[in-house]
Structure formats: C-alpha cells, structure tokens
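The lines below spell out each chain.
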Amino acid sequence: MKGGFLEKLSINLSNRELGAAYKQSGFCCLPSEALTSEQVKSATMAVSQVRDGHFDTGLPPSAHPGYDPKKLCKINDAHLASSALYNLLTKSQLGTQIAKVTDSSFVQVWATQLLIKPPGSGTNGHVGWHQDRQYWRYWQGEDGLFTAWIALSEVDEKSGPMRFVVNSHQWGFLDKGDFFASDQETLKKNIEDAVDKKWVEEVAVLPIGRISLHHCLTLHGSLANESTKPRISLAVHLRNQHTTPIPENDNYYVSNLEDKRYSPIIFGKM
C-alpha cells in the first residue's frame, strides 16, 4: 500500500502535531522555513563541485567513490568539503526545527552523506529496505538517533523517492535489511516474516529544499530513478541528549564528536 507524502506538505501542522506525527509514524516532513531559498540554491550549486572532486574548504570528504552515472553515488561527509553544504547545516534553522519536533535540548551532526541517484541507473540505484540502526551500533540510546534527508533536487514519484514503512520504528531492532541490496521484494518478505506486522508505505515526494526526518529504527528504502534528471539529496545523521557513544568505542564516527567542523552542534549546548 502506497501513500503520497506530497499531500501532507500542504497541511499547516504545528510543532506539537509534527512531533506527534514523528513519534507515531517514525517520520515526518519539517517546515519549509528550516532552509532559505538562497541556502538551498548555494547547496545545489556545490553538489557538482564535490561530485567532481573540487573542495572549496581544502578538506576532502571522508569517502568519495567517484561518480559513475550508472549507479548510486554516496559521498560520505560532504559537509567537510563544501562551505555551502556546511552552512546549510550550521547557518540555517535546520537544528531549531528538528529540536522542536524531537524535543531535543541539543542537536549534533555526526555524519552526512551526499547521495546522487542518476537517471537510467536501474536497480543499481536501489537502496534496499533497512533500518539505519543496523549500521549505527556504536551508539546507545535509539530514540535520540535520527536522519534529516534534504532534497537538493525535485523528488517526484519517478525519481526514486524514499519510501518509509509506517510505524516500523515500533517493531524494534530487526537487523534484517540491507542498504546495498537491490531486491526489495525479497527483503520485504524476510522482514514481514520476522515481525508479522501490516506493511504500509509512505512515499516521500518532496520539492527541492524540503526535508524529511526519520527515526533510526524506521524501515526505509528507494527504487530506481526513472526520470530524466539525477535525484540528489543530503542525508544528515544526528543525535540528541538521549544518545551517547558506547564507552571506549573507537569507531570513526564517534571519534570526531569534539571536532566541531566535523560534528557541529546545530542547536543548543551539550
């Protein structure tokens, strides 16, 4: 069963209502005032620079596989390499809006991923059903881990939008998905067999500059980009006061929390 996220964008929800939607469904859409049009414009212009290996900060991303127009490109920590992408996080209302929805006393970025899904990439552009928690085992405290997904291109039904499974964050940690798998139906069957729950999908159709927010246990994935243009987004991984690193864990991501260039606090104070 598939719904339309776009319809929800026209509803003027209060912060309380957005927080309730996030808590109930495991995802929501942030208000449009989180980012200005100029911030979004600067960020979209920066995408091709980072994609092509030009880093105006003098720092590289933590991982850059090179751009292949036949498959999904995932550039880790692109905010290190681009002042426009860094400013999108730190000089906007992103942190404030997230804090209102998640009732956070502080919000900290600990990683980003610039995602470019080329047209015509077919199943090589799929993102398999998964919970982010599968790849985030160096944290303790699941309710304080979430992702803001910023649309840096128009995301419609044909461009391979994100799909969320409603209420799946309430199913617990399943460890059954696979980000890198292309066979969505097999993944879905394996998950459904394990939980025996009703599977309802919401499709995150978003205009450029809008942002979805999802819990680390919310099942999500995406299909092929069947449009004529790349689908571009910045996935921003965040934590609040309810999550701390596992003591003495030396994982790369939790080793940089004191580095405010790498892990800026975008709302409040720790």
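Scroll up for the structure.
Cut-offs applied
- Residues numbered from 1 in each chain as written.
- Predicted model: local features only at pLDDT ≥ 70, side-chain atom pairs only at ≥ 80, totals over all residues.
- Heavy atoms only, no water.
- Helix = DSSP H or I, 4+ residues; strand = E, 2+ residues; numbered from the N terminus.
- Rg over C-alpha atoms; globule rule 2.2 N^0.38 Å.
- Buried < 20%, exposed > 50% of the residue type's maximum accessible area, 1.4 Å probe, protein only.
- Phe/Tyr/Trp six-rings, centres within 6.5 Å; stacked < 30°, edge-to-face > 60°.
- Salt bridge = Lys/Arg side-chain N within 4 Å of Asp/Glu carboxyl O.
- Core = buried A, V, L, I, M, F, W, Y, C linked by side-chain atoms within 4.5 Å.
- Contact = heavy atoms within 4.5 Å.
- Polar contact = N/O pair within 3.5 Å; in protein donor to acceptor, adjacent residues only side chain to side chain.
- Axes fitted to C-alpha atoms, helices over the stretch in contact; angles between N-to-C directions.
- Parallel < 35°, antiparallel > 145°, perpendicular 65-115°, else oblique.
- Nonpolar A, V, L, I, M, F, W, Y, C, P; charged D, E, K, R; others polar.
- Pairing = 2+ DSSP bridges.

K.L.:
Quick question: what am I supposed to make of the overall build of the protein chain here?
P.N.:
Tallying secondary structure elements over the protein chain gives six helices and 14 strands in all. Its C-alpha atoms give the protein chain a radius of gyration of 17 Å, within 12% of the compact-globule value 18 Å for 270 residues. Each of the three principal axes of the protein chain carries a C-alpha extent, and together these read 50 × 40 × 40 Å. A total of 270 residues make up the protein chain; the buried ones form 54% of that total.

K.L.:
Would you take a moment to explain the packing of aromatic side chains for this structure?
P.N.:
The relative placement of two aromatic rings is captured by the distance of their centres and the angle of their planes. Counted under the stated rule, the structure contains 13 aromatic pairs. Centroid distance Tyr135 to Phe180: 6.4 Å. Interplanar angle 85°. Geometry classified as edge-to-face. Placement of Tyr135 in the loop between strand S5 (127–130) and strand S6 (139–140) and of Phe180 in the loop between strand S8 (162–165) and helix H6 (184–195) is noted, with a sequence separation of 45 residues between them. Using a relative accessible area of 34% as the deciding quantity, one classes Tyr135 as partly exposed. For the pair Tyr252 and Tyr262, a centre-to-centre distance of 5.6 Å together with 90° between the ring planes defines the contact as edge-to-face. Within this pair, whereas Tyr252 is found in the loop between strand S13 (244–245) and strand S14 (265–268), its partner Tyr262 is found in the loop between S13 and S14, the two being separated by ten residues in sequence. Its relative accessible area of 3% is what places Tyr262 among the buried residues.

K.L.:
Would you mind going over the pattern of salt bridges with me for this structure?
P.N.:
It is possible for side chains bearing opposite charge to pair when their charged atoms get close. If you walk through the whole model with that rule in mind, you get five salt bridges. Its salt-bridge partner being Asp52, residue Arg51 comes within 2.9 Å of it at the nearest N-O pair. Here Asp52 falls in the partly exposed class, since its relative accessible area comes to 43%.

K.L.:
What exactly am I supposed to notice about the nonpolar core here?
P.N.:
Generally speaking, soluble globular proteins have nonpolar side chains that are buried together. Core analysis: the biggest nonpolar cluster contains 37 residues, and Leu94, Leu114, Ile150 and Leu152 have the highest contact counts within it. The dominant element in this core, judged by the number of residues it contributes, is helix H3 (residues 37–51), at five residues. Contact partners of Ile150, with chain neighbours within four places excluded, come to Leu35, Leu88, Leu89, Leu94, Arg210, Ile211, Ile232, Ser233, Leu234 and Val236.

K.L.:
For this particular structure, what's the right way to read the environment of His64?
P.N.:
The topology assignment puts His64 in the loop between H3 and strand S3 (73–76). For His64, a relative accessible area of 28% gives the class partly exposed. What His64 contacts, discounting residues up to four positions off in sequence, is Val50, Arg51, Gly53, Phe55 and Ile75. A distance of 2.9 Å separates the side chain of His64 from the backbone oxygen of Val50, its partner in a polar contact. Reaching out from His64, the side chain makes a polar contact with the backbone nitrogen of Gly66 at a distance of 3.0 Å.

K.L.:
What exactly am I supposed to notice about the packing of helix H2 (residues 15–25) against helix H5 (residues 94–102) here?
P.N.:
Angle between the axes and distance between the axes are the two parameters that describe a pair of packed helices. Following both chains from N to C, one finds H2 and H5 inclined at 70°, their axes separated by 7 Å at the closest point. Considering the angle they form, H2 stands roughly perpendicular to H5. Judged by residue contacts, Asn15, Leu18, Gly19 and Tyr22 of H2 engage Gln97, Lys100, Val101 and Thr102 from H5. Partitioning the contact of H2 with H5 into residue classes produces three nonpolar, four polar and one charged.

K.L.:
It is not clear to me how the environment of Asp52 should be interpreted in this structure. Could you clarify?
P.N.:
Tracing the backbone through its elements, the reader meets Asp52 in the loop between H3 and S3. Each C-alpha atom, one on Asp52 and one on Gln97, is 32 Å from the other, the two residues being 45 residues apart in sequence.

K.L.:
Just to check I follow, could you spell out unusual backbone geometry for this structure?
P.N.:
The backbone of Asp77 sits at a positive phi, close to 60°, despite the residue not being glycine. Within the secondary structure, Asp77 is located in the loop between S3 and helix H4 (83–90). Using a relative accessible area of 0% as the deciding quantity, one classes Asp77 as buried. Unlike most non-glycine residues, Asn167 shows phi in positive territory, near 70°. On the secondary structure map, Asn167 appears in the loop between S8 and H6.

K.L.:
What is the right way to read the pairing of strand S10 (residues 211–215) from this model?
P.N.:
It is a general feature of regular strands that their side chains alternate between the two faces of the sheet. Extensive coverage of S10 is indicated by the burial of five of its five residues. Both faces of S10 are covered, namely the face carrying Ile211, Leu213 and His215 and the face carrying Ser212 and His214. With five bridges joining them, strand S7 (residues 145–151) and S10 adopt antiparallel strand pairing. Bridge pairing in S10 links Ala148 to Leu213.

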